[in-house]
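Summary of the model geometry
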Amino acid sequence: MYTGLQHAHSGLAYLVLIALIVVIFLMLIGSLSGREFTEKDRKIALIAFILSHVQLLLGLILYFVSPVGLSLLQGGGAMSDPAARLTALEHPLINIVAIVLITIGYSRAKKAQTSRAKFRSIYMLYAVGLVLILSRIPWGAWLG
Ligand code: HEM
């Protein structure tokens, strides 16, 4: 179960990052061009929203079964080891914050009155979320 989850979390990470970048780009262009925010735009933003939530779910389960998740915190000494602190604390915490921001960006867009405000809510909050995610990826373990 652990290996399957780890592979799924590792593979889905590509899709989440690509989806966020594409959505941010499209919403920015939409806002700058002054066009209407359409149902298609909402659905595109929803794809990145759903992918990031599935990743959150996989990450949460992984956190309890991985040898570099919660178990490192219980063992003690993780705080003084940067690699251990990253997977056991920083990556999970920062990513939860990032996904909360993405959720706010999406739901605010639904309530916003103007097309510009809708585009803006998505590209701004998705972009902050993306920067947070990128800041705490265990790059060495993932691509190394
Ligand atoms: C959009 C959000 C997230 C992205 C893009 C992401 C991405 C990644 C990547 C690329 C890795 C390295 C995988 C590898 O070694 O091949 C990883 C590992 C990990 N992630 Fe996430 N993650 C996200 C959210 C979360 C959350 C919310 C949690 C926990 C609450 C979490 C828990 C973990 C754990 C415990 C590992 C280490 C797994 C292991 O090697 O045993 N992740 N994540």
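Residues numbered from 1 in each chain as written. Predicted model: local features only at pLDDT ≥ 70, side-chain atom pairs only at ≥ 80, totals over all residues. Heavy atoms only, no water.

1. Overview of helix H5 (residues 115-135)
Over its 21 residues, H5 runs 30 Å from end to end, which matches the ideal 30 Å to within 8%, given 1.5 Å per residue. Here H5 has its buried residues at Ser-115, Lys-118, Phe-119, Ser-121, Ile-122, Tyr-123, Leu-125, Tyr-126, Gly-129, Leu-130 and Ile-133. Those residues of H5 that are buried are in contact with helix H1 (2-33), helix H2 (39-65) and helix H4 (82-111). (Helix = DSSP H or I, 4+ residues; strand = E, 2+ residues; numbered from the N terminus. Expected span 1.5 Å × (residues − 1). Buried < 20%, exposed > 50% of the residue type's maximum accessible area, 1.4 Å probe, protein only. Contact = heavy atoms within 4.5 Å.)

2. Section: the coordination of the iron atom of the ligand
Ligation of the iron atom of the ligand by protein atoms is provided by His-9 (NE2) and His-91 (NE2), these donors lying 1.9 to 2.0 Å from the ion. Here the iron atom of the ligand binds six donor atoms, and the angle range of 87 to 178° at the metal identifies the geometry as octahedral. Taken together, the positions of His-9 in helix H1 and His-91 in helix H4 put the pair 82 residues apart, joining distant regions of the chain. Under the relative-accessibility criterion, His-91 is labelled buried at 17%. (Donors = N, O, S within 2.8 Å, 3.2 Å for Na, K, Ca; no water. Tetrahedral: all angles 85-135°; square planar, octahedral: opposite > 155°, others 65-115°.)

3. A closer look at the layout of surface pockets
In this approach a probe as big as a water molecule rolls over the atoms, and the regions it shows empty are the leftover space. Approximately 770 Å³ is the volume attributed to the largest pocket. Along the wall of the largest pocket there are 28 residues; nearest its centre are His-9, Gln-55, Leu-62, His-91 and Pro-138. Where the lining of the largest pocket is concerned, the elements lending two or more residues are H1, H2, H4 and helix H6 (139-143). For the lining of the largest pocket, the per-class residue count stands at 17 nonpolar, eleven polar and no charged. (1 Å grid on protein atoms, 1.4 Å probe; cavity = no way out; pocket = protein on both sides within 12 Å on 5 of 7 lines; lining within 4 Å. Points joined across faces, edges and corners; volume = space filled by probe spheres on them. Nonpolar A, V, L, I, M, F, W, Y, C, P; charged D, E, K, R; others polar.)

4. Some details on the pattern of salt bridges
Following the criterion strictly, the structure yields four salt bridges and no others. Note that Arg-136 and Glu-90 form a salt bridge whose closest N and O atoms lie 3.5 Å from each other. In this pair, Arg-136 is assigned in the loop between H5 and H6 and Glu-90 in helix H4, connecting sequence segments 46 residues apart. It is possible to trace a salt-bridge network through shared partners that takes in Arg-85, Glu-90 and Arg-136. (Salt bridge = Lys/Arg side-chain N within 4 Å of Asp/Glu carboxyl O.)

5. Remarks on the packing of H1 against H2
The N-to-C vectors of H1 and H2 enclose an angle of 155°; their axes lie 9 Å apart at closest approach. Taken as axis vectors, H1 and H2 run roughly antiparallel relative to one another. Between H1 and H2 the crossing geometry is left-handed. Class assignment of the residues belonging to the contact of H1 with H2 gives a composition of 21 nonpolar, five polar and one charged. (Axes fitted to C-alpha atoms, helices over the stretch in contact; angles between N-to-C directions. Parallel < 35°, antiparallel > 145°, perpendicular 65-115°, else oblique. Left-handed = near helix turned anticlockwise from the far one by under 90°.)

6. A word on the site of the ligand
Around the ligand sit 23 residues, and of these Tyr-2, Gln-6, His-9, Ser-66 and His-91 come closest. His-9 is positioned with one of its side-chain polar atoms (N or O) 2.8 Å from a nitrogen atom of the ligand. For the ligand, an oxygen atom lies 3.1 Å from a polar atom in the side chain of Ser-10. Structurally, the ligand is housed in the largest pocket. (Near = heavy atom within 4 Å. Polar contact = N/O pair within 3.5 Å; in protein donor to acceptor, adjacent residues only side chain to side chain. Sits in = over half its atoms within 2 Å of the grid points.)

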